[in-house]
Amino acid sequence: FEFKELAAAVASKCFYHLEEYNESLQLALRAGKFFDVNSENEYEVCIIGKCIEAYIALQNYDPKESGNADDMEDEEDDEEMVKMQMLAEMKPQLENILNGLFEKCYSKGNFHEALGIAVEAQKLDKVKDTIERSGNHMQAEMLSHALSVSQTIIKNKAFRMKMIHTLVELYEAQKDQTGSTNYLELAVCLHLLGHVDLYSVLLIDLLKSDDFLVAYQIAFDLMEIQDQKFVRDLLDKLPGPAAVENTDTVDGDGDGANANPAPASEFDDRLSVLLAVLKEGKAQAVYLDFLYQNNKTDLLILRTVKNTLSAGRRNSVLHNATVIMHAYLQAGTTVDNFITEAKNSKWLELASNWARFSATAAYGVIHKGNVTSSKNILKQFLPSNESPGTSSGGAYAEGGSLYAMGLIHALDGSHSKTGSEALKYLNNAQIDAQKLHQAMGPGDMGGIATKGWEPLEHGACLGMGLVGMASGDIMMKDQNNNDIPITELLMDVVLRDDAVAGEAAAYAIGMTCLGGGLQHEDVVGRMLDVAIGQTKHEKLIRALAMGVAMIMYGQEEVAQDLIEKLCGEKDSLLRYGGMFMVGLAYAGTANNEAIRRLLRVAVSDVNNDVRRAAVTNLGFVLLNSPERLPELVELLSESYNPHVRYGSAMALGIGCSGMSMATDALELLDALREDKVDFVRQGAMLSTAMLLMQKNPSQEPKAKAFRTKLRETIEDTKHSSTMTR
């Protein structure tokens, strides 16, 4: 038919006026020259919009996801599959219209719009083309915008990594052309890609130039991210001061940041400063000094709370809560005057058993980051090498002190001198506790109660996990002085099938391998084998499931198979871990599939703990989209099930904390604070405190009323339950 393109154009407009847009689009794609992309008419604008939507849907379509749908949705999935097959056949025509649209954007200077379309359509060639054609006057802004988009909007991790790789190429090209680029953003890209070699060369390149201060800022930013493994690998790549004279630049041609190289002696001084930031705790010292200098804690509030709760019959729960309150109040400030006062130190000693463990560990929260004085701070509690568990504080205080040391050195890691020494000390303490376990028989031995080794090993394992967090499989000494990975050392504790020590070891494995994903596939497999069939201890099963969830932190689609495995288990403890795996794997991504899974479990699972965990993890998934959270959990906050209501409260606290205006979230929490169930009221108070943290009445009028409510609840001994107080 000679006029088929014209006929298609006419038919397309007919269907358009009939509001049959899909048919109109299909015919418009066959209209050839009779469909003008550059036209501003309503018809062309509408069809181009439908074309963009269709291409994006085609690019994002995953047949596997459709295959996992429920039976009720099978018919809709079949229709979608037919539609996608039809669009796939017309993909060349869709791309032709998109290419015309890109050219139109370029000609009008709408580069941000073009970049948005390219990202949504997952066309990296157009992303690169758009940024390059924006011109030198806009290129820096476009690169910054593209990096922000890749970190906040792109949901697909594989495509995100490809885009960041493209951005690295563009930053390098800009550096070649202009002699400079945004080195801070380039460093962010290299870290996200895990390119340690290029990262180290970039730092050296900057140190040898006039931009050496930028290198220091990059180092501080990296320490704030707290990726221990990356820092350790980076330190392995950085040379000593005497070995830097012939170091290549990033592009190897001596241009850019290294155009005016510094003398060797000056470079050595700069490198020493950089290493002080990365290796010698300079960044931590700055934070510590800031918190100490700006500490405005009102100890009168603490004394009032202590005196109020101490009046009448002694309550161990409230005593422990007060101790922990003080730790949070003075966290990282190193100010422990309250608990070192004679009258308060005796009050602190009233804690017994695991409460004593927590009370001693509170020192670690207060002195977080004071890595050079940790042993001196804790010397009255640390176990002696000759007879652990026999000090005046007992085994629980000694175990708490080991946990406190881990808190002080948390993320200090094996890359620093203080961190490696702390890790070695905790490892030796764990071995000593293990020897004590092996030596102890039934009954009482030398004044140490049976299983007195448990709090010691529990504290040592938790401390090791904190110090070595996200460091990977660093090497440690075992009981026979052999070098083995830290995960193997901790796994030996798990395999002894002791609930208390094994629980801590399982969490420690998760912390040590945090975010490692399938790099630790063997460790994950062994942990699941123990959890599924080799132990009956609930504590241990839960800890192993949570440890695996921590290993999958930030892995997104990579964690999907494990999520399916845990969520399909009959044991509710494993499903509980599965919910946290969803929350941690997709933390901050606002992934729709993850949200749907959590919502489905929140209303359908037969176990209350699993349902509570599902709702709570909505807060983790929506960390970067807090404005969506109140509407999402509004109905859940009115559920008949108190565990679901508690989860709603905690989700709001986790996801909305830090928002400048959290009005909707606070309104939901206002109702939950009056709930008839005590632990729901507790969760609502905790979450409200997280939202109003560092807010004064002028910033948030509800802050004053909430503080008054807290004081009244604490002082109400007749009507307020212990859990709420």
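Asks: For this particular structure, what's the right way to read the overall build of the protein chain?
Replies: When helices and strands are tallied, the protein chain shows 38 helices and two strands. The contacts in the protein chain between residues at least 6 apart in sequence include a share of 69% that link residues at least 24 apart. Carbon and sulfur atoms make up 51% of the accessible area of the protein chain, which totals about 34100 Å².

Asks: What am I meant to see in a negative patch on the surface here?
Replies: A cluster of acidic residues, Glu-631, Glu-634, Glu-638, Asp-664 and Glu-667, forms a negative patch at the surface. Looking at the secondary structure, you find Glu-667 in helix α36 (residues 663–672). Judged by its relative accessible area of 46%, Glu-667 is partly exposed.

Asks: Would you take a moment to explain the pattern of salt bridges for this structure?
Replies: Pairing is possible between side chains that carry opposite charge, provided their charged atoms lie close to one another. Applying the stated criterion across every chain yields a total of 19 salt bridges. A salt bridge links Lys-175 to Asp-205; the nearest nitrogen and oxygen atoms lie 3.7 Å apart. Residue Lys-175 is found in helix α10 (residues 157–178), and its partner Asp-205 is found in helix α12 (residues 196–207); the two are separated by 30 residues along the sequence. Across this residue pair, the class does not change: Lys-175 and Asp-205 are buried. In this structure, Asp-670 and Arg-673 form a salt bridge, with 2.9 Å as the shortest nitrogen-oxygen distance.

Asks: Any chance you could explain helix α31 (residues 572–585) here in plain terms?
Replies: For the α-helix, the turn length of 3.6 residues means that residues three or four positions removed from each other point alike. If you check α31, its first and last C-alpha atoms are 20 Å apart, about what 14 residues at 1.5 Å a residue would give, namely 20 Å. By the criterion of burial, α31 is predominantly enclosed, with 13 of the 14 residues buried. Between a side-chain oxygen at the N-terminus of α31 and the backbone nitrogen of Leu-573 the separation is 2.9 Å; the capping residue is Asp-571.

Asks: So what exactly am I meant to see when it comes to the environment of Glu-569 here?
Replies: Along the polypeptide, Glu-569 turns up in the loop between α30 (560–567) and α31. In contact with Glu-569, other than residues within four places in its own chain, are Ile-532, Leu-574 and Arg-575.

Asks: Help me understand the packing of aromatic side chains in this model?
Replies: Given two aromatic rings, their pairing is described by the distance between the two centres and the angle made by the two planes. If you walk through the whole model with that rule in mind, you get twelve aromatic pairs. Aromatic side chains Tyr-576 and Phe-580 sit 5.2 Å apart centroid to centroid with 50° between the ring planes, which places their arrangement in the tilted category. Separated by four residues within a single helix, Tyr-576 and Phe-580 lie in helix α31, roughly one turn from each other. The pair formed by Tyr-576 and Phe-580 is uniform in burial state, with each residue classed as buried. Members of the aromatic cluster, connected to one another through ring pairs, are Trp-354, Phe-357, Tyr-396 and Tyr-403. When the ring centre of Phe-212 is taken as reference, the NZ or CZ atom of Arg-270 above it lies at 3.9 Å.

Asks: Looking at this model, I keep getting lost on helix α13 (residues 212–225). Mind explaining?
Replies: Taking 1.5 Å of rise per residue, the 14 residues of α13 would be expected to cover 20 Å, and the 21 Å separating its terminal C-alpha atoms lies within 8% of that figure. Along α13, the residues classified as buried are Ala-215, Tyr-216, Ile-218, Ala-219, Leu-222 and Met-223. An end-on view of α13 places all buried positions within 160° of arc, on one side of the element. What points out from α13, more than 90 degrees from its buried face, is the exposed set Leu-213 and Glu-224. Gln-226 lies just past α13 and shows a positive phi near 65°.

Asks: So what exactly am I meant to see when it comes to the side chain of Lys-104 here?
Replies: Of note, Lys-104 is situated in helix α6 (residues 91–108). Taking the relative accessible area as the measure of exposure, Lys-104 reaches 13% and is therefore buried. Here Lys-104 is in contact with Val-37, Asn-38, Ser-39 and Glu-40, once residues within four sequence places are set aside.

Asks: Explain unusual backbone geometry here, please?
Replies: Comment: phi is negative for the bulk of residues other than glycine, and the bulk of peptide bonds are trans. Residue Ala-470 is not a glycine yet carries a positive backbone phi of 60°. As for its position among the elements, Ala-470 is in the loop between α25 (453–467) and β1 (475–477). Even without being glycine, Gln-694 reaches a positive phi, approximately 60°. Judged by its relative accessible area of 76%, Gln-694 is exposed.

Asks: Help me out: how do you make sense of a nonpolar patch on the surface in this one?
Replies: Together, Phe-3, Leu-6, Val-10 and Phe-34 make up an exposed nonpolar region whose accessible area comes to about 360 Å². For Val-10, the position within the fold is in helix α1 (residues 4–17).

Asks: Can you help me understand the confidence of the model for the protein chain in this one?
Replies: Detailed reading of the predicted coordinates is not advisable wherever pLDDT is low. With 89% of its residues at a pLDDT of at least 70, the protein chain reaches an overall mean of 83. Confidence drops under a pLDDT of 50 for residues 67–72, and excluding neighbours within four residues, the segment shows two contacts in the predicted structure. pLDDT under 50 marks residues 442–450. Its contacts with residues more than four places away, or in other chains, come to 15 contacts.

Asks: What is the right way to look at the packing of helix α11 (residues 183–193) against α12 in this model?
Replies: Each pair of packed helices gets described by two things: the angle between the helix axes and the distance between those axes. Viewed as axis vectors pointing N to C, α11 and α12 meet at an angle of 160°, and their least axial separation amounts to 9 Å. Here α11 is positioned roughly antiparallel relative to α12, judged by the angle of their axes. Like other packed secondary-structure pairs, α11 and α12 cross with a definite hand, here left-handed. Contact residues: Tyr-183, Leu-186, Ala-187, Leu-190 and His-191 in α11; Leu-198, Tyr-199, Leu-202 and Leu-206 in α12. For the contact of α11 with α12, a count of residues per class yields eight nonpolar, one polar and no charged.

Asks: Honestly, the packing of α1 against helix α3 (residues 42–60) in this entry has me stumped. Any pointers?
Replies: Two elements in contact, α1 and α3, have axes separated by 11 Å at closest approach and are oriented at 85°. Regarding the angle of α1 to α3, the classification is roughly perpendicular. Contact residues: α1 offers Ala-9, Ser-12, Lys-13 and Tyr-16, while α3 offers Glu-42, Tyr-43, Cys-46 and Ile-47.

Asks: Any chance you could explain the side chain of Lys-123 here in plain terms?
Replies: Of note, Lys-123 is situated in the loop between α7 (111–120) and α8 (124–133). For Lys-123, a relative accessible area of 10% translates into the label buried. The contacts of Lys-123, once residues within four sequence positions are left out, are Tyr-55, Glu-95, Leu-98, Ala-118 and Phe-159.

Asks: What's the story with the environment of Thr-663 in this structure? I'm lost.
Replies: Counting through the fold element by element, Thr-663 comes out in helix α36. Take Thr-663: its relative accessible area is 35%, and that puts it in the partly exposed class.

Asks: What exactly am I supposed to notice about the environment of Ala-585 here?
Replies: By the secondary structure assignment, Ala-585 is in helix α31. Sequence-wise, Ala-585 and Gln-555 are 30 residues apart; in three dimensions their C-alpha atoms are separated by 5.0 Å.

Scoring rules and cut-offs
Residues numbered from 1 in each chain as written. Predicted model: local features only at pLDDT ≥ 70, side-chain atom pairs only at ≥ 80, totals over all residues. Heavy atoms only, no water. Helix = DSSP H or I, 4+ residues; strand = E, 2+ residues; numbered from the N terminus. Contact = heavy atoms within 4.5 Å. Areas by Shrake-Rupley, 256 points an atom, 1.4 Å probe, with all protein chains shown as cover. Patch = residues over 30% accessible without salt bridge, like charges linked within 9 Å, V, L, I, M, F, W, Y side chains within 5 Å. Salt bridge = Lys/Arg side-chain N within 4 Å of Asp/Glu carboxyl O. Lys, Arg positive; Asp, Glu negative; His and termini not counted. Charge placed at Lys NZ, Arg CZ, Asp CG, Glu CD. Buried < 20%, exposed > 50% of the residue type's maximum accessible area, 1.4 Å probe, protein only. Expected span 1.5 Å × (residues − 1). Polar contact = N/O pair within 3.5 Å; in protein donor to acceptor, adjacent residues only side chain to side chain. Phe/Tyr/Trp six-rings, centres within 6.5 Å; stacked < 30°, edge-to-face > 60°. Lys NZ or Arg CZ within 6 Å of the ring centre and 35° of its normal. Arc of directions from axis to C-beta. pLDDT = per-residue confidence, 0-100. Axes fitted to C-alpha atoms, helices over the stretch in contact; angles between N-to-C directions. Parallel < 35°, antiparallel > 145°, perpendicular 65-115°, else oblique. Left-handed = near helix turned anticlockwise from the far one by under 90°. Nonpolar A, V, L, I, M, F, W, Y, C, P; charged D, E, K, R; others polar.

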